[in-house]
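# Topology and contacts: notes
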Amino acid sequence: MNIDKFYRRFMEDRKMARIQADYVKDEEQMAELAALLNGKERDLIDRLKRVHPMDGYFEVEYAPDEHPILTGSHIIINHDGKGLIHTRAVTVLSRMLKRGGPPADTARLTQEAEEWIGTAAVMDHKMILDGYPEAFLEVMVRNLGHDSEAASKKGYIRELNEILTDPEVLQQMLSQIPPKEYYALMSYVNRSECSVKLNDFRILHFTGVILPVSEEVGMLHKEVMEAVRRAAQAHALPHSPVDNGDGYDAMRLKVTLLHTKTPIWREIIVPMDLNFYELHLIIQAAMGWDDSHMAEFLDDHHEIFVHSFDMEGRMEFGTDGSRKEYLASEVHVGAVLGEGDSIRYWYDYGDDWLHEVKVLEAMTLGEPVLPRVEKYRGPVVMDDVGGVGGLEEMLAILKDESHPEYEETLLWARSNGYRQRYPKQAINRRLAALFSGEGPLGASDAGALGLEESVEGLISEHEYALALFEGGAAPGDYIDAMVGYAEDPHRLHGVVAEMDEEEVLTLVDWLLGQEGDAVQYILAKKDGMKTLHARRLVVPAGAGLLDRWAIHPSIAEPLLALLFDKESPKHPGRLHSEKYMEDVDMKRLVDESMTMEEIKDRLRAMKYRGYSKLKK
């Protein structure tokens, strides 16, 4: 819940709610407020900054006597006798308080945290929980989705201890976290390491499985670790591939989608030490499925279910007994398939996608093996198109631009992941990230994981315009340029320095009028995007009286951030052009620190002409 929704929900006066939200967004006012906080208020902010409630706000004691500044300024608001404070207010105040103190010695704090964990991890779990504030414990219980009956800190400690040391509860939790986070957790468990990096986790440190000790270090308590170990053994989630020291260490597989007129297959290298659940994940990524339906492997003697509930449901209604039933995560691929053998992979019992998985050869690579697509033929397939017949019909329409349903079909296909070019490199990066056994991607890496695939999709969408555009570069040049700048946005400083006034104002005019994180489009005069096009950062997307350009959000967002930086000489508020800025006084934005969403909101409220033009 963002700050605006928070105050609108919990303050009856809508005008006051808007004023209060703007107050929290104003960092200068928050800095002044932080300087006025008393000791108890500072302690409260310091405790809360380590907690991450998933609903966006904290419940604390409403105590005007102890927290006069926070309650008097409505940072803490009274709702049915409880105090509520938004996470954004906590984050901003924490940062302001930190600015006022001495610089932190990160290395020393990390060392102290690890030393404390070495002692605390073997102490009684309830005793460790008792060291955390009641607000923290309450948020953890709430994040776990537990219907708490606790009325005191002691009650929260008892409930958390029962939940976090119960293998059955943890088994359900582990089945719901991303595979890379599971691998990160198990890497610490297998090494019996209690000190963990908080950046390795995006979910578990919201639940109490990982207890924050400092801003960078968390603790995996011994009792919780043992419960996780038992839960993992019971759940039998896929393990990360490891080297096979005895002879062959890899296999070359060919996965072919059956019964299609259009040949669709992938040739894949996989590690020899692989279970069928992991093979399921690899096939899903390589073919382009979104893993939203049931699946199983089967041959004359085996029926290997990907999901345990599917296996249990099938057994409940009975089987013909001709095949032995297994769970995919419990069966080694090499125990069923040898060189030259094959098995069927059945995905989505409704659309009825059947694949042949054949072992072409066993290999010795002599190095750690990560799954990768080597060769391929045919498009990225899509879920929910009505099976083979629906897929063939859709592909036929997409090949015929004169077809009356072409535009509607293309729009639907793109919204469901259709790609004219198979994004081999992006898929291999995704497989490497999934099976590397490292910690999960950080916030900055999460977008980059799908970046190349997303950029490739944008380029393939406009290949016809690239081919027609005079002097246009090859598609690969655009892909390399966009990915390079997106992964190192500091290089965009040089691009901004080269842009002239007309290019800046045209870019801002169009981009601030479009919402969301999708690809954005710009109409410009001939050579109106000359700097960005020279760097291959915009893609020709059509021509006419005005050229049409497409720009990827990974380029658009940092460009706007640089242009609206208060120190930027290219800040639109400092540029004067009657032609482009006659409808709005951009000077109002020059000296204000605003997020991109706030800038967009301000411009929409001022009826900025780019937004109204888009609406037409």
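Before reading further, recall that the structure is shown in the block above.
Everything in this summary refers to the structure shown in the same document. (Residues numbered from 1 in each chain as written. Predicted model: local features only at pLDDT ≥ 70, side-chain atom pairs only at ≥ 80, totals over all residues. Heavy atoms only, no water.)

## Remarks on unusual backbone geometry
Cut-off, in case you're wondering: Where helices and strands are cited, they refer to DSSP runs of H or I of at least four residues and of E of at least two residues respectively, numbered from the N terminus.
Backbone geometry places Asp-348, a non-glycine residue, at a positive phi of 65 degrees. Within the element layout of this structure, Asp-348 appears in the loop between β12 (342-347) and β13 (353-363). Phi is positive for Arg-536, which is not a glycine, with a value near 60 degrees. Within the element layout of this structure, Arg-536 appears in the loop between α25 (530-534) and β16 (539-542).

## Focus on the side chain of Arg-252
So the rule is basically this: We call two N or O atoms a polar contact when they sit within 3.5 Å, provided that within protein one can donate a hydrogen and the other can accept it, with sequence-adjacent residues counted only if both atoms are side-chain atoms. In this description, contact between two residues means that some pair of their heavy atoms is separated by no more than 4.5 Å.
Following the sequence through the fold, Arg-252 ends up in strand β7 (residues 250-257). A distance of 3.2 Å separates a polar atom in the side chain of Arg-252 from a polar atom in the side chain of Glu-267. If we skip the residues at most four places from it in the chain, Arg-252 touches Glu-267, Ile-268, Ile-269, Lys-358, Val-359, Leu-360, Glu-361, Met-363 and Glu-374.

## Comments concerning a nonpolar patch on the surface
Our working rule: To count toward a patch, a residue needs a relative accessible area above 30% and no salt bridge. Like charges then connect within 9 Å, nonpolar side chains (Val, Leu, Ile, Met, Phe, Trp, Tyr) within 5 Å. Each accessible area is a Shrake-Rupley result for a 1.4 Å probe, and residues are judged covered by the shown protein chains and nothing else. Any Lys or Arg side-chain nitrogen located within 4 Å of an Asp or Glu carboxyl oxygen qualifies as a salt bridge.
Together, Val-122, Met-123 and Met-127 make up an exposed nonpolar region whose accessible area comes to about 280 Å². When you line up the elements, Met-127 lands in helix α8 (residues 125-129).

## Let's talk about the packing of helix α9 (residues 134-143) against helix α10 (residues 153-164)
To keep it simple, the criterion reads: An axis is simply a line fitted to the C-alpha atoms; with a helix, the fit covers only the stretch in contact. Between two such axes, the angle follows the N-to-C directions and lies from 0 to 180 degrees. Each angle gets one of four labels, with under 35 degrees taken as roughly parallel, over 145 as roughly antiparallel, 65 to 115 as roughly perpendicular, and the rest as oblique. Note: crossing handedness is left-handed where the near helix turns anticlockwise from the far helix by less than a right angle, and right-handed where it turns clockwise. Amino acids are sorted into nonpolar (Ala, Val, Leu, Ile, Met, Phe, Trp, Tyr, Cys and Pro), charged (Asp, Glu, Lys and Arg) and polar (every other residue, Gly among them).
Following both chains from N to C, one finds α9 and α10 inclined at 40 degrees, their axes separated by 9 Å at the closest point. Taken together, the axes of α9 and α10 are oblique relative to one another. Where α9 crosses over α10, the two elements pack in a sense that is left-handed. Contacts between α9 and α10 involve Glu-134, Leu-137, Glu-138, Met-140 and Val-141 from the former and Lys-153, Tyr-156, Ile-157, Glu-159 and Leu-160 from the latter. Residues that form the contact of α9 with α10 fall into these classes: six nonpolar, no polar and four charged.

## A closer look at the nonpolar core
Our working rule: Take the buried residues of types Ala, Val, Leu, Ile, Met, Phe, Trp, Tyr and Cys, join any two whose side-chain atoms come within 4.5 Å, and each joined set is a nonpolar core. With a 1.4 Å probe rolled over the protein chains alone, any residue whose accessible area is under 20% of its type maximum counts as buried; one over 50% counts as exposed, and the rest are partly exposed.
In this structure, Ile-75, Ile-85 and Leu-220 are the most contacted members of the largest nonpolar core, which totals 76 residues. Not counting chain neighbours up to four residues away, the residues in contact with Ile-85 comprise Phe-6, Ile-45, Leu-48, Tyr-57, Phe-58, Val-60, Ile-75, Ile-76 and Val-90. In terms of nonpolar packing, the next biggest core, distinct from the first, is built from 53 residues, Ile-343, Val-359, Val-380 and Leu-431 among them.

## Some thoughts on helix α1 (residues 3-10)
One turn of an α-helix holds 3.6 residues; hence residues three or four places apart share an orientation. As a reminder of what qualifies: Here the arc refers to the directions that run from the helix axis out to each C-beta atom.
Listed as buried for α1 are Ile-3, Phe-6, Tyr-7 and Phe-10. Buried residues of α1 fall within an arc of 85 degrees about the axis and therefore sit on the same side.

## Notes on the sheet that holds strand β10 (residues 302-305)
Definition in use: Two strands pair under a simple rule: DSSP has to find at least two bridges between them.
Pairing in this open sheet of eight strands is mixed, and the strands run β11-β10-β9-β12-β13-β7-β8-β14 from one edge to the other. Strand pairing shows two members of the sheet lacking a second neighbour, β11 (324-327) and β14 (372-377), which therefore form its edges. Pairwise comparison of adjacent strand axes, ignoring direction, gives a mean angle of 25 degrees for this sheet. Sheet analysis places β7 next to β13, joined by eight bridges and oriented antiparallel. The residue bridging Thr-256 from the neighbouring strand is Glu-356, located in β13.

## What about the sheet that holds strand β2 (residues 77-79)?
If you trace the three strands from one edge of the open sheet to the other, you get β1-β3-β2, paired in antiparallel fashion. The open sheet terminates on both sides in strands that have one partner only, identified here as β1 (57-61) and β2. The average undirected angle you get between the axes of adjacent strands in this sheet is 40 degrees. Across three bridges, the pairing between β2 and strand β3 (residues 82-86) is antiparallel. Across the sheet, residue His-79 finds its bridge partner in β3, namely Lys-82. Across the face of the sheet, α1 comes into contact with β1, β2 and β3 while running at roughly 160 degrees to β3. Running at roughly 135 degrees to β1, α9 makes contact with β1 and β3 of the sheet.

## A few points about the pairing of β12
Alternating residues of β12 divide into Ile-343, Tyr-345 and Tyr-347, all buried, and Ser-342, Arg-344 and Trp-346, none buried. Two strands pair when backbone bridges link them, and strand β9 (residues 295-298) and β12 are joined in this way by four bridges, in the antiparallel orientation. The residue of β12 that forms the bridge with Phe-297 is Tyr-345. In this structure, β12 lies alongside β13, joined through six bridges in antiparallel fashion. Each residue of the ladder has a partner; that of Ser-342, found in β13, is Lys-358.

## With respect to the environment of Glu-267
Topologically, Glu-267 is positioned in strand β8 (residues 265-271). Counting along the chain gives 110 residues from Glu-267 to Arg-377, while the straight-line C-alpha distance between them is 9.0 Å. If sequence neighbours within four positions are ignored, Glu-267 has contacts with Arg-252, Leu-253, Lys-254, Leu-360, Arg-372, Val-373, Glu-374 and Lys-375.

## Brief notes about the pattern of salt bridges
Any two side chains of opposite charge can pair, so long as their charged atoms come close to each other. Applying the stated criterion across every chain yields a total of 11 salt bridges. Here Arg-230 makes a salt bridge to Glu-226, at a shortest N to O gap of 3.9 Å. With a gap of four residues between them, Arg-230 and Glu-226 both fall in helix α13 (residues 222-235), about one helical turn apart. Relative accessible area serves as the criterion here: at 38%, Arg-230 is assigned to the partly exposed category. As a salt-bridge pair, Glu-498 and Arg-535 come within 2.6 Å of each other at their nearest N and O atoms. Residue Glu-498 is located in helix α23 (residues 492-498), and its partner Arg-535 is located in the loop between α25 and β16; the two are separated by 37 residues in the primary sequence. Its relative accessible area of 48% is what places Glu-498 among the partly exposed residues. If you follow the salt bridges from partner to partner, you end up with Glu-226, Arg-229 and Arg-230 in one network.

## Considerations on the packing of helix α24 (residues 501-511) against helix α26 (residues 553-563)
Close contact between α24 and α26 brings their axes to 11 Å; oriented N to C, the two are set at 120 degrees. Judged by the angle between their axes, α24 and α26 are oblique. When you trace α24 past α26, the crossing you get is left-handed. Between α24, through Val-504, Leu-507, Val-508 and Leu-511, and α26, the contact on the second element is made entirely by Ala-556, Leu-559, Leu-560 and Leu-563.

## Structural notes on helix α2 (residues 14-25)
We apply this condition: Expected span, for any helix, means 1.5 Å times one less than how many residues it has.
In this model, α2 (12 residues) spans 17 Å end to end at C-alpha, consistent with the 16 Å of a helix rising 1.5 Å per residue. Buried within α2 are the following residues: Ala-17, Gln-20, Ala-21, Tyr-23, Val-24 and Lys-25.

## Description of the packing of aromatic side chains
Within a pair of aromatic rings, the relevant descriptors are the distance that separates the centres and the angle that separates the planes. As a reminder, the rule being used: Each aromatic pair joins two rings of Phe, Tyr and Trp (for Trp, the six-membered one) with centres within 6.5 Å, and gets the label stacked for planes under 30 degrees apart, edge-to-face for over 60, and tilted for any other angle. Geometrically, a lysine NZ or arginine CZ counts as sitting over a ring once it is within 6 Å of the ring centre and also within 35 degrees of the ring normal.
Across all of its chains, the model carries 11 aromatic pairs by this definition. Ring centres of Trp-289 and Tyr-347 lie 5.2 Å apart, and the angle between their planes is 45 degrees; this geometry places the pair in the tilted category. Note that Trp-289 is positioned in the loop between α14 (276-287) and β9 and Tyr-347 in strand β12, a separation of 58 residues in sequence. The structure contains a cluster of three or more aromatic residues connected by ring pairs, namely Phe-6, Tyr-7, Phe-10 and Tyr-57. Sitting over the ring of Trp-265, Lys-254 keeps its end group 4.6 Å from the ring centre. For the cation-ring pair, Arg-491 lies above Tyr-485, with the distance from its terminal atom to the ring centre recorded as 4.0 Å.

Any link to function would need more than the numbers given here.
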